[in-house]
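Chain by chain, the residues:
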Amino acid sequence: MSTNKQTAKIAVLDETLIRKIAAGEVIERPASVIKELVENALDAGAHRVHVEVMAGGRQSLTVSDDGEGMSREDARLSVERHATSKLRSPSDLFAIQTLGFRGEALASIGAVSRLSIETRCAEESAGTRIVVEGGIQRELSSVARDVGTRVAVRNLFFNTPARRKFLKPIETEARYIAQVVTQLAAAHPEVGFEVVSQERLSLSLLPGERRDRAGELLDIAAEGLLAGEYEEAGIRVEVLLGGPAFCRKTRSRQFLLVRGRPVYSRALNQAVYRGYGGLLPSETHPPFAMWIDLDPRQIDVNVHPTKKEIRLADERLVAQAVARAVRQALEMPETAGFTYAPLQPSYQPLQLAEGTAVFAPAGESSGGDDQMALHLLAPALPQFGIPGEAGEAVRRGDLEGPVRVLQVHDKYLLLQLQDGIAVIDQHVAHERIRFEEALDRFEAEGAPSQQLLMPLTIHLNPVELEAARQAEALLGRLGFGIREFGAGTLLIDAIPAGLRNWQEGALLYKLIDELIQEKEIRDSLQEAMAASYACHTSIRAGERLVQSEMQELVERLLKAREPFVCPHGRPIIVKLSLRELDKLFGRA
Ligand code: ADP
Ligand code: MG
């Protein structure tokens, strides 16, 4: 028997390595550290939580609270694995499932970073400072400080390069952090929150009632929120939401709290949309904060502990309660199969600097129909050579010479080619021109801009603010003059010269909203920004053009680097050759 050899293969992992492995399960990214630390602060009964982040938390992140703090002995124990002061009943499966195993967050964070804790409890006159680096305690000393705790995490994942490599760009990590904090803030309206990112205040929330907090997070005046409540079979739903006028292109204003904890549930989310029914403007997402209380045993236990997604035993029943609460808030009758016209037009208020509200359209009206028409045209007429389908049917050479242009149906331009005719979609043509123009401006300094007579302020939630900060330089290069002006407020004092569709600032909301989404799909921030800018500032279908505008459009299109396909992949020019025309008329 060679037991010796076999056992020799088994090595006892040292404690630091075990911690590193455990950390990998709890700590995925800076935002997960923030989540753990803020939850600890909340558990400690904090009235105020202050978060500071450098480089999206990759460089450092700090969470300070005015909670009960820790004694020296507790502080020492807090960084040990499975050390917890919190007695939790094992039957509260929900707590275990959503929070992961208890008592290892600080130990795990300490294993993969340089962690320092400064804390004091009311019973002790001196505070304690403890430093852990890569799982090894480096310091235990006294500090003078107030009751409460400050936890600082530097060089996260310094000793786990693989994990570090998987981090997203700084702005994205900062956005995740903003999401985590706002979600926890939605769960705890009674606590004040502050987030400082890159030494700039990006979120400041005063303690208040649910309605105040929801108003702040949804960026809707508290008294403008619609409230709904529904209770059935032990399921209690309370919702505060924005009407159709406040629906946006992004989901960043959706807060779902189950038993006081932020969660994600596809089924419950869908139920909210069902509740809006026909009131929801197409391709928009409703802003809402929803608190659900139910028997914890209703919550599915087979869900990954680090994921926020939950499943419910009787999902249908809860979803039904959710939809009913939403309908109640929107004051819609229960009868199904009815579609209601929007109660208010799709307008969203914008604040002018001096406080006057102006109204600008919230959604985009054009686009849909044209897209459909082209879509139908494409398969029906393949012989007409739609670029990208039947090859390079229109060539640059075709478009040379004098341009004689005719506008039809206020959306297409007809022009004669050497060997046929071309139909140009005026919107996508202009979009292409704008797209390339934006990309060019990103590379150069000094785009022409025009000063606004009256500077405009717009208010952004932290997620949008991160996106805006990320886009700041690019917007500047396009010709926008933008400055931060207090937490979440931007001051705009200049816009690109000759800008179309500025809509008193609504354009900027759209650009930021879209950036949050497009960035995920596009290769680069530049492209995402250029595509969205081009789309919203170009000539629309339905706009009557004068001859000189048409000439200019066609001439500029001819100079474009890629005149045949718009940034979203739609054809710009459709050609009908003389040969094909002749054939149609029996001349061939
Ligand atoms: P858990 O929160 O599951 O107990 P942690 O590793 O997050 O595990 O924290 C360990 C212990 O450290 C907590 O149980 C608590 O006693 C103490 N602790 C951590 N953060 C704070 C804080 N901000 N204020 C007071 N005590 C804290
Ligand atoms: Mg904890």
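Described below are features of the structure shown in this document. All of these numbers come straight from a predicted model, not from anything done at the bench.

Scanning the protein chain for helices and strands turns up 18 helices and 22 strands. The buried share of the protein chain, taken over its 588 residues, is 52%. A sequence separation of at least 24 residues applies to 70% of the contacts in the protein chain between residues at least 6 apart. Carbon and sulfur atoms form 53% of the exposed surface of the protein chain, whose accessible area is close to 28000 Å².

This next bit is on helix H16 (residues 525-537). An α-helix turns once every 3.6 residues. As a result, residues three or four positions apart point the same way. Taking 1.5 Å of rise per residue, 13 residues should cover 18 Å, and H16 covers 18 Å from first to last C-alpha, within 8% of that figure. Counted residue by residue, H16 has 11 buried out of 13 residues, so it is predominantly covered. Of the residues making up H16, those classed as buried are Leu525, Ala528, Met529, Ala530, Ala531, Ser532, Tyr533, Ala534, Cys535, His536 and Thr537.

Turning next to the sheet that holds strand S19 (residues 449-459). Spatially, the 3 strands line up as an open sheet ordered S19-S21-S20, and their pairing is antiparallel. Both edges of this open sheet fall to S19 and strand S20 (481-484), since each of them pairs with a single strand only. Direction aside, the axes of adjacent strands within the sheet are offset by 15 degrees on average. Summarising the sheet, S19 and strand S21 (residues 489-496) pair through 7 bridges and their orientation is antiparallel.

Moving on to the packing of helix H8 (residues 170-187) against helix H14 (residues 462-478). Between H8 and H14, the least distance of the axes is 8 Å, while the angle of their chain directions is 165 degrees. The angle between H8 and H14 falls in the class roughly antiparallel. Relative to H14, H8 is oriented so that their crossing is right-handed. Across from Glu171, Ala174, Arg175, Ala178, Gln179 and Thr182 in H8, the residues of H14 making contact are Pro462, Val463, Glu466 and Gln470. Looking at side-chain class alone, the contact of H8 with H14 contains 4 nonpolar, 3 polar and 3 charged residues.

Once that is clear, we can look at the pattern of salt bridges. Oppositely charged side chains can pair when the atoms bearing their charge come close. Counted according to the given criterion, the structure contains 30 salt bridges. Residue arginine 200 pairs with glutamate 472 through a salt bridge whose shortest N-O separation is 3.5 Å. Here the residue arginine 200 occupies a position in strand S8 (residues 200-205), and glutamate 472 occupies one in helix H14, the gap between them amounting to 272 residues. Given the relative accessible area of 30%, arginine 200 is considered partly exposed. As a salt-bridge pair, lysine 575 and aspartate 419 come within 3.4 Å of each other at their nearest N and O atoms. You can see lysine 575 sitting in strand S22 (residues 573-577) and its partner aspartate 419 sitting in the loop between strand S17 (412-417) and strand S18 (420-425), a full 156 residues away along the chain. Overall, the relative accessible area of 29% leaves aspartate 419 in the partly exposed class. One salt-bridge network, in which partners are shared between bridges, spans Arg200, Glu466, Arg469, Glu472 and Glu484.

Attention shifts here to the packing of aromatic side chains. With the rule as written, the count across this model stands at 1 aromatic pair. For arginine 248, the ring lying beneath its charged end belongs to tyrosine 509, and the centroid distance is 4.4 Å.

A few words on the sheet that holds strand S4 (residues 127-133). Taken in spatial order, the 8 strands line up as S5-S4-S3-S6-S2-S1-S7-S8 in an open sheet, and their pairing is mixed. Among the strands making up the open sheet, the edge pair consists of strand S5 (136-143) and S8. If you compare each strand with its neighbour and ignore which way they point, the axes differ by 10 degrees on average. Examined bridge by bridge, strand S3 (residues 114-120) and strand S6 (residues 148-154) share 7 bridges and lie antiparallel to one another. Of the residues in S6, the one forming a bridge with glutamate 118 is arginine 150. The sheet strands contacting helix H3 (residues 30-43) are strand S1 (48-54), strand S2 (60-65), S6 and strand S7 (192-197), and the helix crosses S2 at an angle near 10 degrees. Its contacts with the sheet put H8 on S1, S7 and S8, and the angle it makes with S7 is roughly 175 degrees.

This paragraph deals with the pairing of S3. Of all 7 residues that make up S3, 6 are buried, and the element is covered over most of its length. Between S3 and S4, which pair antiparallel and follow one another directly, the connecting turn spans 6 residues.

Each value, and the rule that gives it
- Residues numbered from 1 in each chain as written.
- Chains lettered and ligands numbered in written order.
- Predicted model: local features only at pLDDT ≥ 70, side-chain atom pairs only at ≥ 80, totals over all residues.
- Heavy atoms only, no water.
- Helix = DSSP H or I, 4+ residues; strand = E, 2+ residues; numbered from the N terminus.
- Buried < 20%, exposed > 50% of the residue type's maximum accessible area, 1.4 Å probe, protein only.
- Contact = heavy atoms within 4.5 Å.
- Areas by Shrake-Rupley, 256 points an atom, 1.4 Å probe, with all protein chains shown as cover.
- Expected span 1.5 Å × (residues − 1).
- Pairing = 2+ DSSP bridges.
- Axes fitted to C-alpha atoms, helices over the stretch in contact; angles between N-to-C directions.
- Parallel < 35°, antiparallel > 145°, perpendicular 65-115°, else oblique.
- Left-handed = near helix turned anticlockwise from the far one by under 90°.
- Nonpolar A, V, L, I, M, F, W, Y, C, P; charged D, E, K, R; others polar.
- Salt bridge = Lys/Arg side-chain N within 4 Å of Asp/Glu carboxyl O.
- Phe/Tyr/Trp six-rings, centres within 6.5 Å; stacked < 30°, edge-to-face > 60°.
- Lys NZ or Arg CZ within 6 Å of the ring centre and 35° of its normal.

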